[in-house]
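Architecture and fold: a report
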Amino acid sequence: MFKKDPLQIIAFQTYGSSKHLYLRGRAIEDENIDLEHKGVFKLLSNAWKRFETDEIRHTDLQIKIGDERFFYTKTDEQGYFLFDEKVDDLSEYINEEGWLHIEFSYKDVNPERTIQSNNRFPAEMVVPSEKTSFGVISDIDDTILHTGLVSTLKWRVLFNTLLTSAGKRLPLEGASEFYHMLHRGASGKEANPIFYVSHSPWNLYRYLEYFLKKNKFPKGPIILRGFPSPFAKKEKDEKPQKQKEIINLLQAYPNLKFILIGDSGEHDPDIYLEIAESYPDRISAIYLRSVKHKKKMLRVEGLYKTYKITPALLVESSEQAIEHARTYGFIS
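To start, this report covers the structure provided alongside it. Owing to the predicted nature of the structure, the values given are computational and were not obtained by experimental measurement. (Residues numbered from 1 in each chain as written. Predicted model: local features only at pLDDT ≥ 70, side-chain atom pairs only at ≥ 80, totals over all residues. Heavy atoms only, no water.)

The secondary structure content of the protein amounts to eight helices and 14 strands. Looking at the protein residue by residue over its 332 residues, the buried ones come to 50%. The long-range fraction of contacts in the protein, counting pairs at least 24 apart against all pairs at least 6 apart in sequence, stands at 71%. (Helix = DSSP H or I, 4+ residues; strand = E, 2+ residues; numbered from the N terminus. Buried < 20%, exposed > 50% of the residue type's maximum accessible area, 1.4 Å probe, protein only. Contact = heavy atoms within 4.5 Å.)

What follows covers the packing of aromatic side chains. Under the defined criterion, the tally for this structure stands at 19 aromatic pairs. Ring centres 5.8 Å apart and planes at 90 degrees place the aromatic pair Tyr15 and Phe195 in the edge-to-face group. Remark: Phe195 occurs in strand β10 (residues 194-201) and Tyr15 occurs in strand β2 (residues 14-15); sequence separation between them is 180 residues. One exposure class covers both Tyr15 and Phe195, and it is buried. A cation over a ring is seen here: Lys219 above Trp99, with NZ or CZ 4.6 Å from the ring centre. (Phe/Tyr/Trp six-rings, centres within 6.5 Å; stacked < 30°, edge-to-face > 60°. Lys NZ or Arg CZ within 6 Å of the ring centre and 35° of its normal.)

In this structure the tally under the stated criterion is twelve salt bridges. Ionic pairing is found between Glu97 and Lys131, a salt bridge with its closest N-O pair at 3.9 Å. In this pair, Glu97 is assigned in the loop between β6 (80-86) and β7 (99-106) and Lys131 in the loop between β8 (121-126) and β9 (135-138), connecting sequence segments 34 residues apart. Each of Arg26, Glu55, Arg57 and Glu77 takes part in one network of salt bridges that share partners. (Salt bridge = Lys/Arg side-chain N within 4 Å of Asp/Glu carboxyl O.)

Our next topic: the nonpolar core. It is characteristic of soluble globular proteins that their nonpolar side chains tend to be buried jointly. Counting residues in hydrophobic clusters, the biggest one holds 36 residues, and the most contacted among them are Phe178, Leu182, Tyr196, Ile259, Tyr287 and Phe330. If you list the elements that add at least two residues to this core, you get α3 (175-184), β10, α4 (205-214), β11 (222-225), β12 (258-263), β13 (283-289), β14 (312-315) and α8 (318-327). In terms of residues, this core owes the most to one element, α4, which gives five residues. In this view, Phe178 contacts Ile261, Tyr287, Ala321, Ile322 and Ala325; residues no more than four positions away in its chain are not counted. Membership of the second largest hydrophobic core comes to 26 residues, among which are Leu256, Ile271, Ala276 and Ile286. (Core = buried A, V, L, I, M, F, W, Y, C linked by side-chain atoms within 4.5 Å.)

Before going further, it helps to examine helix α5 (residues 241-252). Three- or four-residue spacings in an α-helix give side chains the same orientation, since the helix completes a turn every 3.6 residues. Compared with the 16 Å implied by 1.5 Å per residue over twelve residues, the 16 Å span of α5 between its first and last C-alpha is a close match. Taken residue by residue, α5 has Lys242, Gln243, Glu245, Ile246, Leu249 and Leu250 as its buried positions. The buried residues of α5 occupy an angular sector of 160 degrees when the element is viewed end-on, so they sit on one face. (Expected span 1.5 Å × (residues − 1). Arc of directions from axis to C-beta.)

All right, on to the sheet that holds β6 then. Spatially, three strands are ordered β1-β3-β6 in an open sheet, and the strand pairing comes out antiparallel. If you trace the sheet from one side to the other, it starts and ends with β1 (7-11) and β6, each paired once. Taken pair by pair, the neighbouring strands of this sheet meet at an average axis angle of 25 degrees, ignoring direction. Relative to β6, strand β3 (residues 20-29) runs antiparallel, the two being bridged by seven bridges. Across the sheet, residue Gly25 finds its bridge partner in β6, namely Phe81. (Pairing = 2+ DSSP bridges. Axes fitted to C-alpha atoms, helices over the stretch in contact; angles between N-to-C directions.)

This next bit is on α8. Within α8, burial applies to Ser318, Ala321, Ile322, His324 and Ala325. In an axial view of α8, the angular spread of the buried residues amounts to 165 degrees, which keeps them on one side of the axis. Residues of α8 that are exposed and point over 90 degrees away from its buried face: Glu323 and Thr327. The inward-facing, buried residues of α8 contact α3, β13 and β14. One or two steps after α8, the chain reaches Gly329, where phi turns positive at roughly 80 degrees.

Moving on to unusual backbone geometry. In the Ramachandran plot, His58 falls in the positive-phi region, its phi being about 45 degrees despite a non-glycine side chain. Looking at the secondary structure, you find His58 in the loop between α1 (40-51) and β4 (60-65). According to the relative accessible area criterion, His58 is partly exposed, its value standing at 47%. Positive phi is not limited to glycine here, since Asn119 has a value of about 60 degrees. By secondary structure assignment, the location of Asn119 is in the loop between β7 and β8.

Right, dumping it as structure tokens:
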């Protein structure tokens, strides 16, 4: 009889407030994916494991904060869970940087299953602190990580995702430094939260989390999407998932202004423009990384040519973005 893999809980970094817990993640078997491995066959194996997961369905989980606060949630058919509830004040558990430390565990464990970490799985939720001047909402693909979204038939996306380990992926030059400057703000002592919002599926969460950490980007919630169904029908006026997530952030923090960072290759220019026009007092600036695609760049340049409500910049280099941000007083 085959030995079953250990259980794990992948708790996604999320965002909330001192009185509102918004926690999500997934309970699956631990396939022991090596994010640094370079061998082609191992990389393909890892890619397969990422998408062909063995989820732990309809299972009760315990949420622990400090030594005395306990909450409970349950996984769905695909092993995902979402705890979205108002709670009594949690301020005493939030550190100066605005992070709330949480611990997940399986409530009831089959003794035949081996669990790593002694059934203790750490998580974090950001709560913007008093040292926050603004928030940053950033795309990942082709904004801080070159993916090849504008390549012919998107072959480069497949190559990078399937045949390049997270440890070997390179960030766009100067991106990490720029984000740290934004995180620390004009005074150099702020704790401006960074929210990473991507069109990638949740299956790539660990992959992207590892990339951000290895390349020293500021820690922040990583907001992805469910794996799309080929048979799912989209309503005519339905907004893209990324746009919905950004609006959720604006509504979660009604007194916080945001800087939007994306790229000119896909839908970011249209999404950001629509959001800025709908929330003109909430968006402080828009930065769009230029891509090597003449037709797409001409379209974006035309889209923003007469737009004057929010400072917007088509970014050729991180140095250019830093200079612009310094001019507007976002960084020192």
